[in-house]
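# Analysis of the macromolecular model
Here are the chains, one letter per residue:
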Amino acid sequence: MSTAIKSYLPPVIEPDGDGSLLEVAMGPHHPSTHGVFRMDVALDGERVIRLKPVFGYLHRNHEKIGEKSSYLASMPYTDRLDYFCSLTNNWAYALAVEKLAGLEVPERAQYIRVITAELTRIQNHASSIGFLMQEMGASGTPLMYAFREREKILDLFEELTGSRMMCNYMRFGGCRVELPKGWLEGVAKVVAGLPGFIDEVEALLSGNEILMARTQGMGVLPAELAVNAGVTGPMLRASGVNYDLRKVDHYGIYDRFKFRVPLGDHGDIFDRYMIRILEMRESVRILEQAVKDIPAGPIMDPKSKIRGFRPKPGEAYGRIEAPKGELGFYLISDGSPNPYRYRVRPPSLINLTVLEDMSLGHNVADVILIFGSVDIVLGEVDR
Amino acid sequence: MLGEGMMKGLAETGKNFLGSFVSAERMTTVQYPEERIAPIENTRDFPFLVYDGADDASDEAKLAGLRCVACQICEKECPPKCIYIVKSTDKKPDFVGKPQIYPARFDIDISVCMSCQICVEVCPFEAIKMDTEFELSTTDRFGGLLLDREQLSKSNGHYRAIHPTEAAEVDARLAEEKVKAEAKARAAAEAAAAKAGAAAAAPKPVAAPAAAAKEPSV
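Now for a description of the structure that goes with this document. (Residues numbered from 1 in each chain as written. Chains lettered and ligands numbered in written order. Predicted model: local features only at pLDDT ≥ 70, side-chain atom pairs only at ≥ 80, totals over all residues. Heavy atoms only, no water.)

### A word on the sheet that holds strand 1 (residues 22-26) of chain A
Residue and element names in this part refer to chain A. Rules: Strand pairing is defined by DSSP finding a minimum of two bridges between the two strands. Helix numbers and strand numbers start at the N terminus; a helix is a DSSP run of H or I with at least 4 residues, a strand a run of E with at least 2. Orientation is described by axes fitted as lines to C-alpha atoms, over the contacting stretch for helices, and by angles from 0 to 180 degrees between their N-to-C directions.
Pairing is antiparallel across the open sheet formed by three strands, whose spatial order is 1-2-3. A single partner strand is all that each edge strand has here, and the edge strands are strand 1 and strand 3 (47-54). Between one strand and the next, the sheet's axes are offset by a mean angle of 20 degrees, whatever the strand orientation. Across seven bridges, the pairing between strand 2 (residues 38-44) and strand 3 is antiparallel. Directly across from Asp40, in strand 3, lies its bridge partner Lys52.

### Focus: the interface of chain B and chain A
Interface size is commonly expressed as the accessible surface area that is lost when the partners come together. Short version of the rule: In what follows, a contact means two residues having at least one pair of non-hydrogen atoms within 4.5 Å. Defined in terms of a 1.4 Å probe, buried area is the accessible area two parts forfeit on being brought together, summed over both. Any Lys or Arg side-chain nitrogen located within 4 Å of an Asp or Glu carboxyl oxygen qualifies as a salt bridge.
In this complex, chain B contributes 27 residues to the contact, which on the side of chain A involves 31 residues. Taking both sides of the interface into account, the surface hidden between chain B and chain A amounts to around 2400 Å²; carbon and sulfur atoms contribute 55%. Considering only the side of chain B, the residues that lose the most area to chain A are Ile40, Arg44 and Met114 of chain B, jointly responsible for 22% of the buried surface there. Counting across the chain B and chain A interface gives one salt bridge. Across the salt bridge formed by Glu121 of chain B and Arg171 of chain A, the nearest N and O atoms sit 2.7 Å from each other. Of all elements in the fold, only helix 1 (4-22), helix 3 (73-77) and helix 4 (118-122) of chain B reach the threshold of two or more residues within the side of chain B that touches chain A. Considering each element in turn, the side of chain B that touches chain A owes the most residues, eight residues, to helix 1 of chain B.

### As for the side chain of Asp268 of chain A
All names here are of chain A. The following threshold applies: Classification of residues uses two cut-offs on accessible area relative to the type maximum, computed with a 1.4 Å probe and protein chains only: under 20% is buried, over 50% is exposed, and between them is partly exposed. Counted as positive: Lys and Arg. Counted as negative: Asp and Glu, with His and the chain ends omitted from the count.
Its location among the elements puts Asp268 in the loop between helix 10 (245-248) and helix 11 (269-293). Lacking a salt bridge, the buried Asp268 has Arg272 as its closest oppositely charged neighbour, with an N-O distance of 6.7 Å. Filtering out sequence-adjacent residues up to four positions away, Asp268 remains in contact with Thr215, Gln216, Gly217, Met218, Gly219 and Val220.

### Remarks on the packing of aromatic side chains
Quick note on the threshold: Two aromatic rings, drawn from Phe, Tyr or Trp (for Trp, its six-membered ring), form a pair once their centres lie within 6.5 Å of each other, and the interplanar angle then sorts them: stacked below 30 degrees, edge-to-face above 60, tilted otherwise.
If you walk through the whole model with that rule in mind, you get 20 aromatic pairs over all chains. Between the aromatic rings of Phe84 of chain A and Phe131 of chain A, the centroid separation amounts to 5.9 Å while the plane-to-plane angle is 85 degrees, which identifies the pairing as edge-to-face. Within this pair, whereas Phe84 of chain A is found in the loop between helix 2 (71-79) and helix 3 (86-101), its partner Phe131 of chain A is found in helix 4 (residues 107-136), the two being separated by 47 residues in sequence. Note on Phe131 of chain A: relative accessible area 24%, which makes it partly exposed. The interplanar angle of 65 degrees and the centroid separation of 6.4 Å between the aromatic rings of Phe48 of chain B and Tyr159 of chain B together place this pair among those described as edge-to-face. Of this pair, Phe48 of chain B sits in strand 1 (residues 47-51) while Tyr159 of chain B sits in helix 6 (residues 156-162); the two residues are 111 residues apart in sequence, bridging distant segments of the chain.

### Notes on the packing of helix 4 of chain A against helix 14 (residues 364-374) of chain A
Each pair of packed helices gets described by two things: the angle between the helix axes and the distance between those axes. Residues and elements named next belong to chain A. Short version of the rule: An angle below 35 degrees is treated as roughly parallel, one above 145 as roughly antiparallel, one from 65 to 115 as roughly perpendicular, and anything else as oblique. Polarity classes work like this: nonpolar for Ala, Val, Leu, Ile, Met, Phe, Trp, Tyr, Cys and Pro, charged for Asp, Glu, Lys and Arg, and polar for all others, with Gly in that last group.
Where helix 4 contacts helix 14, the axes come no closer than 9 Å and their chain directions differ by 175 degrees. What the angle tells us is that helix 4 and helix 14 run roughly antiparallel. Between helix 4, through Leu132, Glu135 and Met136, and helix 14, the contact on the second element is made entirely by Ile368, Leu369, Gly372 and Ser373. Residue classes in the contact of helix 4 with helix 14 are distributed as four nonpolar, two polar and one charged.

### Notes on the pattern of salt bridges
Residues and elements named next belong to chain A. Throughout the structure, instances matching the rule amount to 45 salt bridges over all chains. Here Arg345 ties to Glu326 by a salt bridge, and the two come within 4.0 Å at their closest N and O atoms. You can see Arg345 sitting in strand 8 (residues 341-345) and its partner Glu326 sitting in strand 7 (residues 325-333), a full 19 residues away along the chain. With relative accessibility at 14%, the residue Arg345 sits in the buried group. Residue Glu326 is classed as buried on the basis of its relative accessible area, which comes to 7%. The network of salt bridges with shared partners includes Glu118, Arg121, Arg237, Asp244, Arg246, Glu279 and Glu321.

### A look at a nonpolar patch on the surface
For clarity, the threshold we go by: Surface patches are defined over residues having more than 30% relative accessible area and no salt bridge, joining like charges when they lie within 9 Å and nonpolar side chains (Val, Leu, Ile, Met, Phe, Trp, Tyr) when within 5 Å. Using the Shrake-Rupley algorithm and a 1.4 Å probe, accessible areas are obtained, with residue cover drawn only from the displayed protein chains.
There is a patch of nonpolar side chains on the surface, built from Phe17, Leu18, Phe21 and Val22 of chain B and spanning about 510 Å² of accessible area. Structurally, Phe21 of chain B is set in helix 1.

### Topic: the nonpolar core
Rule in force here: In plain words, nonpolar cores are sets of buried Ala, Val, Leu, Ile, Met, Phe, Trp, Tyr and Cys residues tied together by side-chain atoms within 4.5 Å.
Met39, Ile115, Phe172 and Tyr273 of chain A are the most contacted members of the largest nonpolar core, which has 120 residues in total. Here the element with the most residues in this core is helix 4 of chain A; it accounts for 13 residues. Among all residues touching Ile115 of chain A, those that are not within four sequence positions of it are Trp183, Leu184, Val187, Leu287, Ala290, Val291 and Ile294 of chain A. Among the nonpolar cores identified, the runner-up in size contains 27 residues, and Leu63, Leu66, Phe106 and Ile108 of chain B belong to it.

Given below as structure tokens:
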């Protein structure tokens, strides 16, 4: 085998004692897992020697359905990828189709997209921290605090799009409906309350000795491995790699906003937790600027049409910084009403591939924590 | 000091617990079946067919007022393909009096429907809209969730009640269309009358009254 394509293998840990291992299938419905996901672990006592993630239980043919249905009909299906962040999924797909068809998004629609995407990021990070704490044994309190705040954001989504989670809001070349009366004031009110909520979460958790003992130095992901494995999002930044598509690609209008990209030092669970807290704070900053600056005007490109949409033959890849990492849609058009090829690059799946490397040598109880800190949604992993 | 962080966290939960006795804002739980939150206007879940007429109209009256002309666009565009339409063989007058075909059969399987409202977006006749009713549990999971035309037909008054802002826009648009159609019909009638009269007289004034009748509608 040539050295250039040498495949990577995780480190091998030798078991102590007589070498007999206990093989456990964790899942597919372990209460701590985020969905139907199985981890086949080989244990030496409490120590994890091997770990094999098994997914596909929630596979529902998303890509093939996308190739068989029209461009517009795939939009509601993208809601179901990462069902916590339907609006960012909509945006990534709309971005890919807009590149393909050469559509321009009006100014106002760009601002609406940024506002909805940042609200999505906040509610995703808040609930992902809640779930992480739930898995750590802090049953209820942090998750309920997160959900209390998430509820306010979901109410805003319902007011705007008609649905709390399956928003189906963005269209090729803009957004579906104009903002309802008083919606921006509602956003401003919720955003004004968010720093207080983040402070509350920090007071509740950040200094907690149990949290620190269980997360610091646990599940370390080295920067080099993270880059090689294609890990993106808060996971990658917790390992200290400065890579945020909002800064790299400047997609949409992100070059107009002032915000910082938080980076971690150690790449452990605690850093991932902290990165999510800090990202929420930066999102609040972006939201404050966007709500202040949003202009009046149309929300739809006049060239776009709902029925009979047939982009010219070609290919396009649209990617955005979704709350979980780089979410990309790759489309090939052959000039027909449905794409010839429809491919999703899901951040959850690719972030999950390093699970074994992070878990080896740790106790089985910590594997649940490491798994929780990846922040995945099975709808996106299996598609 | 060890345990300081934990005490700080406990103080935070204590603040929330005690605060819930004094501030209504901290009491976020709603005791659902007894208590309900105010509905949000844009909420959508499953589609229904709009008919023009009274809320408690008979089945014949519902069908007479039905806006759907069985063009089957929604059936074609529906992502999970949960709409089934059979066109009628005869025609009935629509809201402007033009004879149109109507759906002899219009079924929506709401166990398949994913509430995406693409049918609403593509409908050129404002005939299908999203309902807000969500308590739809049934003991018959196949037949009970397959809604037929009679079950789907709901009055325009119902639409106005659940989505007031949107319905007002739609009503304005339809009224405008109706005025236009009436003006056109009047112009056509006048033109026909003028033509009949003009058979004897000079052919010149035929165009003039038609143009005059059209003007206010533009």
